[in-house]
Amino acid sequence: MAGISMKAVKNRIKSVENTMQITHAMELVSTSKLRKAKERATVTKPVHEILSETIDALHSDRTAAQSKFFAPRGSGKCCYIVIGGDRGLAGGYNINLFRAVRDDIGNDAAAILPIGKKSLEHYKQSGKEIISSAYGLTSDIKTSDCFAVGKLICDAYTADRFGRIKLAYTKFDSILTQIPVIEQILPFPEKKPEEYSKELTIYEPSADELLEAVTVQYISALLYCAVCESIAAEHAARRNSMSSANKNGEKMLEDMRLQYNRARQSVITQEITEIVAGAES
């Protein structure tokens, strides 16, 4: 019985060691990709900040402030752009984001534009209206894709298909912290009067026409920044998950090795007892 127990424990030890080799490799890969993703996210932020300042300046213009992009709407279905991950084994990365979107939707009608494999799979199963299934991999999203999504969203909004547009993604706060975020894109969030630019600005050809041109570019830049943040957050979450798996594996190995040694000691003790008993007889 003890021999069988020893064999079973030895097989479990080997199985855990093999699994840990995989999780350790995945941790190293995620750490390497995280470094590149953080650099990419940092580089994209200045573009978004410049366009955001332009939108704020236009909001201070009385003519442009009456635009449909600024005027709040009391009703209408909300469209959520949900940027999820491409793979699992990242802890609660995707689950936390989907839960935040579900809580924000509540009992209201909503449509989803999923970006990422996990996001697409989740909302296909949920039965929600899906605007487009063309963006199945977050890692493949390029600036041209973000521009296409931005134009699609603007056209749908101006055609009164949706009353609000929101963006849901996971913000990379630090290596240990990733926060699900839901931001309203359209209509543009209202600023406080003191936050408006007070400089006298003359727009040519007009503030309205400039707003029409800038809005798609602004949303495109916002989407691309969110995609970069999401990719960095996913790699950080997977790195943390694999690091935790390695620590748990080490603890399991320690316990199983102790169990194996106890079983081995029991076998040795039994054999010695049998030898002594045979010699005395």
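So, here is what we can say about the structure in this document.

**Some remarks on the pairing of strand β1 (residues 78-83)**
In step 1: Most of β1 sits inside the fold, with 6 of its 6 residues counted as buried.
In step 2: Going residue by residue along β1, you find C78, Y80 and V82 tucked away on one face and C79, I81 and I83 tucked away on the opposite face as well.
In step 3: At this point the chain moves from β1, through helix α3 (residues 93-105), to the parallel strand β2 (residues 110-115), and the crossover so formed is right-handed.
In step 4: Sheet topology note: the β1/strand β4 (residues 164-172) ladder contains 5 bridges and is parallel. Each bridged residue has a counterpart across the sheet, and for Y80 the counterpart in β4 is K166.

**A closer look at the side chain of S132**
In step 1: When you line up the elements, S132 lands in the loop between β3 (129-130) and α5 (143-158).
In step 2: Of the residues examined, S132 reaches a relative accessible area of 15% and is grouped as buried.
In step 3: Among the polar contacts made by the side chain of S132, one reaches the main-chain amide nitrogen of A134 at a distance of 3.2 Å.

**Examining the sheet that holds β1**
In step 1: Spatially, 5 strands are ordered β3-β2-β1-β4-β5 in an open sheet, and the strand pairing comes out mixed. The sheet is open, and its two borders are formed by β3 and β5 (178-186), each paired with just one other strand.
In step 2: Here β4 runs beside β5; their pairing, made up of 8 bridges, is antiparallel. Paired with K166 across the bridge in β5 is Q184.
In step 3: α3 contacts β1, β2, β4 and β5 of the sheet and is inclined by roughly 170 degrees relative to β1.

**What about the side chain of N246?**
In step 1: Looking at the element boundaries, N246 is found in helix α6 (residues 207-280).
In step 2: Looking at N246, its side chain comes within polar contact range of the side chain of E27, at 2.7 Å.
In step 3: Ignoring any residue separated from it by four or fewer positions in sequence, one finds N246 in contact with M20, T23, H24 and E27.

**Focus on the packing of α3 against helix α4 (residues 117-126)**
In step 1: Running from amino to carboxyl end, α3 crosses α4 at an angle of 50 degrees, the nearest separation of the two axes being 11 Å. In terms of orientation, α3 and α4 fall into the oblique class. The element α3 and its partner α4 pack so that their crossing is right-handed. Contacts from N94, F98 and V101 of α3 reach α4 at K118, S119, H122 and Y123.
In step 2: Looking at the contact of α3 with α4 residue by residue, the classes come out as 3 nonpolar, 3 polar and 1 charged.

About the cut-offs
Residues numbered from 1 in each chain as written. Predicted model: local features only at pLDDT ≥ 70, side-chain atom pairs only at ≥ 80, totals over all residues. Heavy atoms only, no water. Buried < 20%, exposed > 50% of the residue type's maximum accessible area, 1.4 Å probe, protein only. Helix = DSSP H or I, 4+ residues; strand = E, 2+ residues; numbered from the N terminus. Right-handed = clockwise from strand over helix to strand, strands pointing away. Pairing = 2+ DSSP bridges. Polar contact = N/O pair within 3.5 Å; in protein donor to acceptor, adjacent residues only side chain to side chain. Contact = heavy atoms within 4.5 Å. Axes fitted to C-alpha atoms, helices over the stretch in contact; angles between N-to-C directions. Parallel < 35°, antiparallel > 145°, perpendicular 65-115°, else oblique. Left-handed = near helix turned anticlockwise from the far one by under 90°. Nonpolar A, V, L, I, M, F, W, Y, C, P; charged D, E, K, R; others polar.

Bear in mind that shape data such as this cannot, by itself, settle questions of function.
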